[in-house]
Amino acid sequence: PIRIRKHGITKMYFSPANLCLNVLIAILISVLMQGSLGSRRTLKFVLEVSRHGSRAPTSRSFDYGDTMDYPNGLSNLTEEGQIQQYLIGRHLRNYLVHEHGLLKEVVSPHDVRFLSTDKMRAVESAQFRAMGLQGIEWPFELAGSKRAVLASMPPFEIKETEQNIQRILSSKVPNVTSSALVPIEVRDRFKDRLLHPHSACLKLKRLNKSHQDSLDTLNWVVNNIGEKAKIVGKWTNKKPSLGDYKGFDRFFGQVQCAVWHDRELPPDVAELSSLATEFKTYKQYNVFNADKEQTKLGVAEFYAETREMFDKVVNNKLREKFIHFATHDTTLSYILTSLGIKNSPIYFGSSLFFEIYKNEDNGDFEIQIKFNDDIITLKKLDCNICPLSAFLRFAKKHLISNLRTRCGDVDKYT
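Presented here is an overview of the structure given in this document. (Residues numbered from 1 in each chain as written. Predicted model: local features only at pLDDT ≥ 70, side-chain atom pairs only at ≥ 80, totals over all residues. Heavy atoms only, no water.)

What follows covers the pairing of strand β4 (residues 112-117). Of all six residues in β4, five are buried; the element is thus mostly enclosed. As paired elements, β4 and strand β6 (residues 322-327) share five bridges and run parallel to each other. In the strand pairing of β6, serine 116 is matched with alanine 326. Here β4 runs beside strand β5 (residues 184-187); their pairing, made up of four bridges, is parallel. By the bridge assignment for β5, threonine 117 is matched with arginine 187. (Buried < 20%, exposed > 50% of the residue type's maximum accessible area, 1.4 Å probe, protein only. Helix = DSSP H or I, 4+ residues; strand = E, 2+ residues; numbered from the N terminus. Pairing = 2+ DSSP bridges.)

Here it is as structure tokens:
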């Protein structure tokens, strides 16, 4: 601006160049203010869907050293898995209580809800995660424990150092005696299509079996395992057969468990550890989700439940602030596939988060979805923080009105 004083009055004149510059500055400030205001969101609710923690193999495929030394028994949560789930619970406590203030310092059972399938490894995972969330002190020594460090594997980047574990454990712990422990609601997996559709939907189970035995699966095994099948045959004392899907599943399952629990493997088997992850990931996304019907049957009940749940959040009719589903990799694979996620390994303890925010500027509700620590960009909605209304329309497309009929008579199956 150019100031000119004339007749005792100061007038301001703007040259064309200065006028353009000031207009641009004004626009920039406006944009920055809108961006800043637009980021003012308050976390209102979180739904977490997780796979159970580290467990022992479901069956014995080969013997070597302490590879099969699991005191808690086959298929059950291990000591490492218990610690892992507890530490993830403490991570959630820091996020929900201290970072966002969604939950109070003394976490009340009225504000949270934990649901689990009736498989013991899922029930225990929910119990130990709830302990961590409530801030209950772990009864055993963790600091300096190699087993504890190994147990706190991803998804939450808390396995890096012993100091990191100590930092989590040394954070403020309330006197939880003033609040009851969080109960775990256990669902019958053969009747509950929300937490375990793989067992509760007969048609889905049949589809999964047909794709397990399909030519596509055999081709994958031939192209990716091939000559390595001889190593599998060597340690399982069986003649190698590329058509033995179940045999490979058991073998690679044992290899994965050994890797996650820091058990010694034969050198030639250790070289197959990455292949074990590839095999399991292929199973999760290309056997369980080989066609759209499988995915839709796998998520129909979930989206029906979440639509009702999120609607209650918007209308302030949902008592809980945090709800946890303790499930399995099959359930997570259906939901992730429906969200456009393929080939992202679903490790023990992996979690999918649905976070509902309220935009304080316009009053709208928004949703952000995270798989472990990674924010998911919903390609079908072209956003990573999406209007909740748009997500609810997306979820509606996955509903099946006659789901019970489509799934078949489960009572006869059980």
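Take the packing of aromatic side chains next. Describing an aromatic ring pair means giving the distance of the ring centres and the angle of the ring planes. In total, this model carries 21 aromatic pairs according to the counting rule given. Seen from their ring centres, phenylalanine 391 and phenylalanine 394 are 5.8 Å apart, and the 40 degrees between their planes marks the pair as tilted. Here the residue phenylalanine 391 and the residue phenylalanine 394 both occupy positions in helix α15 (residues 388-396), the gap between them amounting to three residues, near one helical turn. The pair formed by phenylalanine 391 and phenylalanine 394 is uniform in burial state, with each residue classed as buried. Clustering of aromatic rings is evident, with ring pairs tying together Phe62, Tyr64, Trp220, Trp235, Tyr245, Phe248, Phe251, Phe252, Phe279 and Tyr282. Its guanidinium or amino end placed over the ring of tyrosine 70, arginine 263 lies 4.5 Å from that ring's centre, counting from NZ or CZ. (Phe/Tyr/Trp six-rings, centres within 6.5 Å; stacked < 30°, edge-to-face > 60°. Lys NZ or Arg CZ within 6 Å of the ring centre and 35° of its normal.)

Attention now goes to the pairing of strand β3 (residues 41-51). Counting buried residues in β3 gives eight out of eleven residues, a clear majority hidden from the surface. Judged from the six bridges that link them, β3 and β6 form a sheet pairing that is parallel. The residue of β6 that forms the bridge with valine 46 is phenylalanine 322.

What follows is about empty space enclosed by the protein. In the structure shown here, the tally under the stated rule is one cavity of 30 Å³ or more. Estimated volume of the largest cavity: approximately 50 Å³. Lining the largest cavity we find Arg51, Gln256, Trp260, Thr277, Lys280, Thr281, Gln284, Pro345, Ile346, Tyr347 and Phe348. Put simply, the parts of the chain that give the lining of the largest cavity at least two residues each are α10 (245-260) and α12 (273-287). When residues in the lining of the largest cavity are grouped by element, the largest group, four residues, is from α12. (1 Å grid on protein atoms, 1.4 Å probe; cavity = no way out; pocket = protein on both sides within 12 Å on 5 of 7 lines; lining within 4 Å. Points joined across faces, edges and corners; volume = space filled by probe spheres on them.)

Turning our eyes to something else, we now look at the state of the cysteines. Taken as a whole, this structure holds two disulfides when the rule is applied. Here cysteine 201 engages in a disulfide with cysteine 407; their sulfurs sit 2.2 Å apart. Its S-S torsion of approximately -100 degrees makes the covalent link between cysteine 201 and cysteine 407 left-handed. Pair noted here: cysteine 201 is in the loop between α6 (197-200) and α7 (202-212) and cysteine 407 is in helix α16 (residues 403-407), with a separation of 206 residues, a long-range link. Accessibility classification places cysteine 201 together with cysteine 407 in one group, the buried group. Here cysteine 383 engages in a disulfide with cysteine 386; their sulfurs sit 1.9 Å apart. (Disulfide = S-S within 2.5 Å.)

For the largest pocket, the calculated volume is near 880 Å³. What lines the largest pocket is a set of 34 residues, among which Thr58, His198, Asp249, Lys283 and Phe288 lie closest to the centre. Counting residues per element, the lining of the largest pocket draws most heavily on α10, at eight residues. Across the lining of the largest pocket, the residue classes break down as seven nonpolar, 14 polar and 13 charged. Surrounding the second largest pocket, 15 residues form its lining, Lys292, Ser338, Lys380, Phe394 and His398 being those nearest its centre. Looking at the lining of the second largest pocket, the elements that each hand over two or more residues are α13 (292-314), α14 (329-338) and α15. (Nonpolar A, V, L, I, M, F, W, Y, C, P; charged D, E, K, R; others polar.)

The next thing to look at is the packing of α7 against α13. With their axes 10 Å apart at the nearest point, α7 and α13 run at an angle of 145 degrees to one another. Crossing handedness for the pair α7 and α13: left-handed. Each of Lys203, Leu204, Leu207, Asn208 and His211 in α7 lies in contact with α13, whose residues at this interface are Glu293, Gln294, Leu297 and Gly298. For the contact of α7 with α13, the per-class residue count stands at three nonpolar, four polar and two charged. (Axes fitted to C-alpha atoms, helices over the stretch in contact; angles between N-to-C directions. Left-handed = near helix turned anticlockwise from the far one by under 90°. Contact = heavy atoms within 4.5 Å.)

Here the focus is a positive patch on the surface. On the surface, Lys292, Lys380, Arg393 and Lys397 cluster together into a patch of positive charge. Tracing the backbone through its elements, the reader meets lysine 292 in helix α13. (Patch = residues over 30% accessible without salt bridge, like charges linked within 9 Å, V, L, I, M, F, W, Y side chains within 5 Å. Areas by Shrake-Rupley, 256 points an atom, 1.4 Å probe, with all protein chains shown as cover. Salt bridge = Lys/Arg side-chain N within 4 Å of Asp/Glu carboxyl O. Lys, Arg positive; Asp, Glu negative; His and termini not counted. Charge placed at Lys NZ, Arg CZ, Asp CG, Glu CD.)

Turning our eyes to something else, we now look at the packing of α10 against α12. It is at 9 Å that the axes of α10 and α12 come closest, and there the two elements cross at 125 degrees. With respect to α12, the axis of α10 lies oblique. Crossing hand, α10 versus α12: left-handed. Residues Tyr245, Phe248, Asp249, Phe252, Gly253, Val255, Gln256 and Val259 of α10 lie in contact with α12, whose contacting residues are Ser273, Leu275, Ala276, Thr277, Phe279, Lys280, Lys283 and Val287. (Parallel < 35°, antiparallel > 145°, perpendicular 65-115°, else oblique.)

This next bit is on the environment of isoleucine 375. The residue isoleucine 375 is located in strand β9 (residues 374-375) in this model. Relative accessible area serves as the criterion here: at 44%, isoleucine 375 is assigned to the partly exposed category. Taking the C-alpha atoms as reference, isoleucine 375 lies 9.2 Å from phenylalanine 353; in sequence the two are 22 residues apart. Not counting residues up to four positions away in its chain, the partners in contact with isoleucine 375 are Gln368, Ile369, Lys370 and Asn384.

Quick look at the pattern of salt bridges now. Under the counting rule described, the total for this entry stands at 18 salt bridges. Between aspartate 361 and arginine 40 there is a salt bridge, with its nearest N and O atoms 2.8 Å apart. Separated by 321 residues along the polypeptide, aspartate 361 in the loop between β7 (351-359) and β8 (365-371) and arginine 40 in the loop between α1 (16-38) and β3 bring together distant segments of the chain. Exposure remark for arginine 40: the relative accessible area of 41% places this residue in the partly exposed category. Close ionic contact of lysine 209 with aspartate 213 constitutes a salt bridge, the shortest N to O distance being 2.4 Å. Owing to a relative accessible area of 39%, lysine 209 belongs among the partly exposed residues under this scheme. On the accessibility criterion, aspartate 213 (48% relative accessible area) is partly exposed.

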